[in-house]
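Working through the structure, step by step
These are the residues of each chain, in order.
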Amino acid sequence: MNRDFNEFNISILSDFYEYTMAQGYFNENLDNKITYFDIFYRENPDGASYAIFSGLEHLTQILNSMRFNDEDIEYFKSLNTFDDKFLNFLKNFKFECDIWSVPEGSVIFPYEPIMTVRGPAVQAQLIETIALLIINHESLIATKSNRIKRAAKGRAVMEFGARRAQGIDASVYGAKASYIAGIDGTSNVLTGKLFNIPVLGTMAHSWVQMFDTELEAFKAFAKSFPNNCVLLVDTYNTLQSGIPNAIKTFDEILKPMGIRPKGIRLDSGDLAYLSKQARKMLDNAGYEDAQIVVSNSLDEYTIRDLLHQEAKIDSFGIGERLITSKTHPVFGGVYKLVAIEENGKIIPKIKVSENVDKITTPGVKNLYRIYDRKTKKAEADLITLFDEKIDENKPISIFHPIYTWKTTTYEDYILRPMLKQIFKNGELIYKLPDIKEIREYCASEIESLWDEFKRFDNPHIYKVDLSKDLWELKNNLLKETIQISKKQKTE
């Protein structure tokens, strides 16, 4: 179907059950019942000890403009599922929820609330899919990108994945998330324009193939782009023709201009071996400052192996394995009801499962990060009930939520609240930082972690614990729910 994408209304993007449930809330007079939903995730990608939160700015933009147009209403009518009262609600929809969230670029950990939505049941339910879609995708790519950047050990890393991304938004916002997490630039021009991110790129093999000879192609490119001359040397034979022709081009075109070449790019073959040979050839020709850029299905593991082999590489171009997070392509964030309000009182709710990992933590909560005052390193996260008060002048003790005899006490610490209010009654009250501020904040978050948490293999597990009051609430509510279930089964 042909469609003008400038008129495409993203507000309708949701799973169908959210609309049928919303209609049901109207039928049962529950549409204005105040609810609380938490977003959290259960497992770090790639066996890591942490992830990076991304997508907040994107989500706020969508929620700010959430409306249902006449075409949407006609579509819902055609489904013969929704009554006029519900359709009129959609027609006059105005987002009125409260939202608290960790800042974009934050380091996050499994099972802690990274976002809480409070609002009328019908509204809070309708934003579930779009919130998860954005946060899951952009947090996944940010997390993968930071792993790749850290593997490069200070070398430049460029995002080259646009053509392999799983859709237009995945390409654009994936590149944005990668920049937040530390990647140095992108080949995606639209992302560069929209978010003021550096755009990078030189040539493809087709440029070389367009000319009668490789040397002719190189010279033509050098004449057109003398100040950014990076030549792709593996179209035919890297060592026998590619690098020798690159050197000849540098000698005959750039040197007379008084311009030093930027370097060469390798996109195939044994990158460790070829980079070493290329370095020798370039150095012997007097181009010690010419950089060697490599690409070709790279990720943090291949980069680590290349550097372990002492490959002579100055920067990396990463495509499909970054933009799709190929080794772990799903970020399992979930959206779960944790409380409702009745007569001004908050009633906690819990989801019980035979799979222990799927039992939720009930109630309205706060999230705190504990830092060592001397080292400024993050030591643990503590989840509390929203109205708990912590005396920061006293030692703070935490315990393992399952193995409760495992305790740790902190005395000289800094306690940082992690959740910030983003929306109040549907109005954006949080000052969104620009992308460079988010990027700098993300870098500081990574720096706050001990190196043991950053290992690719068998990293230390970061402590995320419940306060005693929250632990007791969860434990008691779990017991009550199981007893009620058993009683209903026998009746």
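Every value quoted in this text rests on a predicted model; they were computed, and no experiment measured them.

1. A word on the sheet that holds strand S12 (residues 333-342)
In spatial order, the strands read S13-S12-S1-S5-S3-S19-S20; together these seven strands make up an open sheet with antiparallel pairing. Among the strands making up the open sheet, the edge pair consists of strand S13 (345-348) and strand S20 (427-428). Two strands pair when backbone bridges link them, and strand S3 (residues 98-101) and strand S5 (residues 115-120) are joined in this way by four bridges, in the antiparallel orientation. Bridged to Trp 100 within S5 is Thr 116. Where helix H2 (residues 56-64) meets the sheet, it contacts S3, S5, strand S19 (420-424) and S20, and its direction lies at approximately 15 degrees from that of S19.

2. A closer look at the sheet that holds strand S10 (residues 291-294)
The pairing of strands in a sheet comes from backbone hydrogen bonds and takes either a parallel or an antiparallel form. Strand order in the open sheet formed by six strands is S7-S6-S11-S10-S9-S8, and the pairing between neighbours is parallel. The outermost strands of the open sheet, each flanked by one partner alone, are strand S7 (185-186) and strand S8 (230-232). Of the pairings in the sheet, the one linking strand S6 (residues 156-159) to S7 comprises two bridges and is parallel in character. Within S7, the residue paired with Glu 159 across the bridge is Thr 186. Packing of helix H11 (residues 238-257) onto the sheet brings it into contact with S8 and strand S9 (263-266), and relative to S9 it is tilted by some 160 degrees.

3. Side note on the pattern of salt bridges
Oppositely charged side chains may form a pair once their charged atoms are brought near each other. Tallied over the full model, the rule gives 31 salt bridges. Of the charged contacts, one joins Glu 342 and Lys 33 as a salt bridge, the two residues approaching to 3.5 Å between their closest N and O atoms. With Glu 342 in strand S12 and Lys 33 in the loop between helix H1 (16-27) and strand S1 (34-41), this pair connects stretches of sequence that are 309 residues apart. Classification of Lys 33 as partly exposed rests on a relative accessible area of 24%. Between Asp 98 and Arg 118 there is a salt bridge, with its nearest N and O atoms 3.1 Å apart. Linking Asp 98 in strand S3 with Arg 118 in strand S5, this pair joins segments that are 20 residues apart in sequence. One salt-bridge network, in which partners are shared between bridges, spans Glu 112, Arg 369, Asp 381, Arg 416 and Glu 445.

4. A closer look at the side chain of Ser 49
Within the secondary structure, Ser 49 is located in the loop between S1 and strand S2 (51-52). With relative accessibility at 6%, the residue Ser 49 sits in the buried group. One polar contact links the side chain of Ser 49 to the main-chain carbonyl oxygen of Phe 453, over a distance of 2.5 Å. With sequence-adjacent residues up to four places away left out, Ser 49 is seen in contact with Asn 44, Phe 109, Phe 453, Pro 459, His 460 and Tyr 462.

5. Notes on the domain arrangement of the protein chain
As assigned here, the protein chain comprises domain 1 (10-142 + 329-489) and domain 2 (202-290). The distance between the C-alpha centroids of domain 1 and domain 2 comes to 51 Å.

About the criteria used
- Residues numbered from 1 in each chain as written.
- Predicted model: local features only at pLDDT ≥ 70, side-chain atom pairs only at ≥ 80, totals over all residues.
- Heavy atoms only, no water.
- Pairing = 2+ DSSP bridges.
- Helix = DSSP H or I, 4+ residues; strand = E, 2+ residues; numbered from the N terminus.
- Contact = heavy atoms within 4.5 Å.
- Axes fitted to C-alpha atoms, helices over the stretch in contact; angles between N-to-C directions.
- Salt bridge = Lys/Arg side-chain N within 4 Å of Asp/Glu carboxyl O.
- Buried < 20%, exposed > 50% of the residue type's maximum accessible area, 1.4 Å probe, protein only.
- Polar contact = N/O pair within 3.5 Å; in protein donor to acceptor, adjacent residues only side chain to side chain.
- Domains from an automatic or database assignment.

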